[in-house]
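# Reading the structure
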Amino acid sequence: MHKVIFSMEAVAMVQSYIRRYRLYYEELYSDSGLWNEDMIIEGYQAEAIKRYEEIFDIVEVHLEKEIVSYKKDETIIKWRSRVLFVSFEDDDNIRTVTHIQIR
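Thresholds applied
Residues numbered from 1 in each chain as written. Predicted model: local features only at pLDDT ≥ 70, side-chain atom pairs only at ≥ 80, totals over all residues. Heavy atoms only, no water. Pairing = 2+ DSSP bridges. Helix = DSSP H or I, 4+ residues; strand = E, 2+ residues; numbered from the N terminus. Axes fitted to C-alpha atoms, helices over the stretch in contact; angles between N-to-C directions. Contact = heavy atoms within 4.5 Å.

Strand order in the open sheet formed by four strands is β1-β4-β3-β2, and the pairing between neighbours is mixed. Strands with a single pairing partner mark the edges of an open sheet, and in this sheet they are β1 (3-6) and β2 (74-79). Put simply, the sheet's adjacent strands are angled 35° from each other on average, direction ignored. Where β1 meets strand β4 (residues 94-102), four bridges bridge the pair, whose relative direction is parallel. Bridged to V4 within β4 is R95. On top of the sheet, helix α1 (residues 8-29) reaches β1, β2, β3 (82-91) and β4; it is set at about 30° to β4, its chief contact. Along the sheet face, helix α2 (residues 37-63) touches β1, β2, β3 and β4 and points at about 130° away from the line of β2.

In structure tokens:
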């Protein structure tokens, strides 16, 4: 099994996705006039944290395997209704995630 670590660039890409997700719903429900808008926004904020953790967990579980299918140093991981395009580098038993694109 490989130890999986994430480059700063890969972490920044996931953070950007999560930030856009959270801000979209915060802006959508802010000043909506709904009696429970704060509760709705808090729910989406909690969901953003959950998604952030899920992305790293699923990538780690997938890449710690000895053989990763797809192309050399790239793989596709299905996550919810999305697809994660992940690039990585191997160095002995350490696999570094260099890029994560979420579509």
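To continue, consider the pairing of β4. Two faces belong to every sheet, and in a regular strand the side chains alternate between them. As defined by bridge partners, β3 adjoins β4 across eight bridges and the pair is classed as antiparallel. Looking at β4, one finds that L84 is bridged to I102. Taking the residues that link successive antiparallel strands as the turn, the β3-β4 hairpin has two residues, and the phi of D92 there is positive, at about 55°.

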